[in-house]
Amino acid sequence: MSSLILSIESSCDETSASVIKDGFEILSNVVSSQADIHKKYGGVVPEIASRKHVEAIIPIINESVEESGVKLNELNAIAVTNGPGLIGSLMVGLSTAKSVAFSLDVPLIAVDHIEAHAYSVNIENELTLPYIALVVSGGHTSLYKVNSYKSFELIGNTRDDAAGEAFDKGAKLLGLDYPGGIQIDKLSRNGNKKKYDFPRPFLKTDSFDFSFSGLKTSLLHFLKKNEISGDQMLSDVCASYQEAIAETLIEKTLRASEEFGISTVAFAGGVAANSRIRGLGMEKFDENNIDLFIPHIKYCTDNAAMIGKLAYKYFENNEFSDLDVDVYSTKRNSYTRGKGFKEAK
Ligand code: KG4
Ligand code: ZN
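Read on for an overview of the structure. (Residues numbered from 1 in each chain as written. Chains lettered and ligands numbered in written order. Predicted model: local features only at pLDDT ≥ 70, side-chain atom pairs only at ≥ 80, totals over all residues. Heavy atoms only, no water.)

All right, on to the side chain of Ser137 then. Relative to the assigned elements, Ser137 resides in the loop between strand 6 (131–136) and strand 7 (141–148). Assessed through its relative accessible area of 8%, Ser137 is described here as buried. Setting aside chain neighbours within four positions, we find Ser137 in contact with Ala162, Ala163, Gly164, Gly270 and Val271. (Helix = DSSP H or I, 4+ residues; strand = E, 2+ residues; numbered from the N terminus. Buried < 20%, exposed > 50% of the residue type's maximum accessible area, 1.4 Å probe, protein only. Contact = heavy atoms within 4.5 Å.)

Right, let's get into the pairing of strand 1 (residues 4–9). Across the 6 residues of strand 1, 6 count as buried, placing the element largely inside the fold. Of the two faces of strand 1, the one holding Leu4, Leu6 and Ile8 and the one holding Ile5, Ser7 and Glu9 are both buried throughout. Sheet topology places strand 1 next to strand 2 (residues 14–21); 6 bridges connect them, and they run antiparallel. The residue of strand 2 that forms the bridge with Leu6 is Val19. Here strand 1 hands over to strand 2 after 4 residues, the two strands then running antiparallel side by side. Relative to strand 4 (residues 77–83), strand 1 is paired through 4 bridges, and the arrangement is parallel. Bridge pairing links Ile8 to Val80 in strand 4. (Pairing = 2+ DSSP bridges.)

For helix 11 (residues 305–316), spanning 12 residues, the distance from its first C-alpha to its last is 17 Å, which sits close to the expected 16 Å at 1.5 Å a residue. In terms of burial, helix 11 is largely enclosed, as 10 of its 12 residues are buried. Listing the buried residues of helix 11 in full gives Ala305, Met306, Ile307, Gly308, Lys309, Leu310, Ala311, Tyr312, Tyr314 and Phe315. Once helix 11 finishes, Asn318 follows within two positions and takes phi at roughly 55°, a positive value. (Expected span 1.5 Å × (residues − 1).)

Moving on to the sheet that holds strand 1. Reading across the sheet, the 5 strands line up as 3-2-1-4-5 and stay open at both edges, with mixed pairing between neighbours. Across the chains shown, the open sheet's two edge strands, defined by having one partner strand only, are strand 3 (25–33) and strand 5 (108–112). Strand-to-strand twist in this sheet, taken as the mean axis angle between neighbours without regard to direction, amounts to 20°. The sheet strands contacting helix 2 (residues 46–68) are strand 1, strand 2 and strand 3, and the helix crosses strand 2 at an angle near 25°. On the sheet, helix 3 (residues 87–104) packs against strand 1, strand 4 and strand 5 and is oriented at approximately 160° with respect to strand 4. (Axes fitted to C-alpha atoms, helices over the stretch in contact; angles between N-to-C directions.)

Moving on to the environment of His296. Within the fold, His296 resides in the loop between strand 10 (291–293) and helix 10 (297–300). Sequence spacing of His296 and Ala133 is 163 residues, and the spatial spacing of their C-alpha atoms is 15 Å.

Turning our attention to the site of ligand 1. Of all residues adjacent to ligand 1, which total 20 residues, the nearest are Gly138, Asp168, Asp185, Gly270 and Asn274. Measuring from an oxygen atom of ligand 1, one finds a backbone N or O atom of Gly164 at 3.4 Å. Compared with its free state, where it exposes 550 Å², ligand 1 has 89% of that area covered by protein. Going through the elements one at a time, helix 4 (113–119), helix 5 (163–173) and helix 6 (180–188) are the ones with two or more residues in the shell around ligand 1. Counted by class, the shell around ligand 1 contains 6 nonpolar, 11 polar and 3 charged residues. (Near = heavy atom within 4 Å. Polar contact = N/O pair within 3.5 Å; in protein donor to acceptor, adjacent residues only side chain to side chain. Areas by Shrake-Rupley, 256 points an atom, 1.4 Å probe, with all protein chains shown as cover. Nonpolar A, V, L, I, M, F, W, Y, C, P; charged D, E, K, R; others polar.)

Rendered as structure tokens:
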């Protein structure tokens, strides 16, 4: 079905808008990050994030539409993230999307942020279903069996901290700036990943759940006993800590793909931008003859293109959201997307 969809993402501290043509051609994907603003507070301040979204959202939408070469009145639908995420931030995106959809008289498609991450891998490669998706972001570490664009079966979850939090909180303990994941990734490149022994949490259990708070505590204990002396030691600690996260994530995902007999696997979410997780993942899955797909870094961290990609599947099936659809802060595993489905124009 021929279509042009404008999608909007504002669940955390990135304001993003994208235009996708016919469900596969990304005509634009503009992302504006607030990371520099939140840096001085050591994490995202929700109130500031909402206000910054208010300032950024219209210019970002305009830039995205302009870059796509499409006119507003050519759009066939508006897609938007309505959860999970920061309520104030989500409300800015959702209200804007509703207003644009209403004024253009086109349908609205509300999309789940985590499902969009799990589906983002299809932007560059159309994966055979079902596949196993590891979604690793700032707030989530979840394993899904993806059966279809609207069937994401949760098979493992974090019991405490998400992988992104393990990176960000670990980085904070090491005195690095927010968001710490990328700093640990950079410093690790010069480090010895075998120098220090950090625990591989939860690998001894059969469960597909994750737990990262113990790893963070072990870093805290390590730092109480050992003072970081010099750049080399900092790099070695980063590399060893990163290795514990990477091995745990990869090992659990490998086990899930074996247990379910599924040989197509995807990594997604901001933490999937990590160079060691990408490298070690490719190596391990290749050894086990499993096809691993990881999106380009720009589709791993928060972006609106992934919202448009998943929304297209709803569009294709004439499944739309009502204009009274609400935001939600935490992942729901089943919720209705609105009662009345409207026909697309
Ligand atoms: O998916 P995302 O952009 O936002 C959420 O939905 O949470 O993920 C953000 C997380 C942050 O914790 C950030 O530190 C982490 O992704 N991250 C990384 C890297 N780039 C971003 N973690 C490790 N290595 C990276 N290169
Ligand atoms: Zn995300």
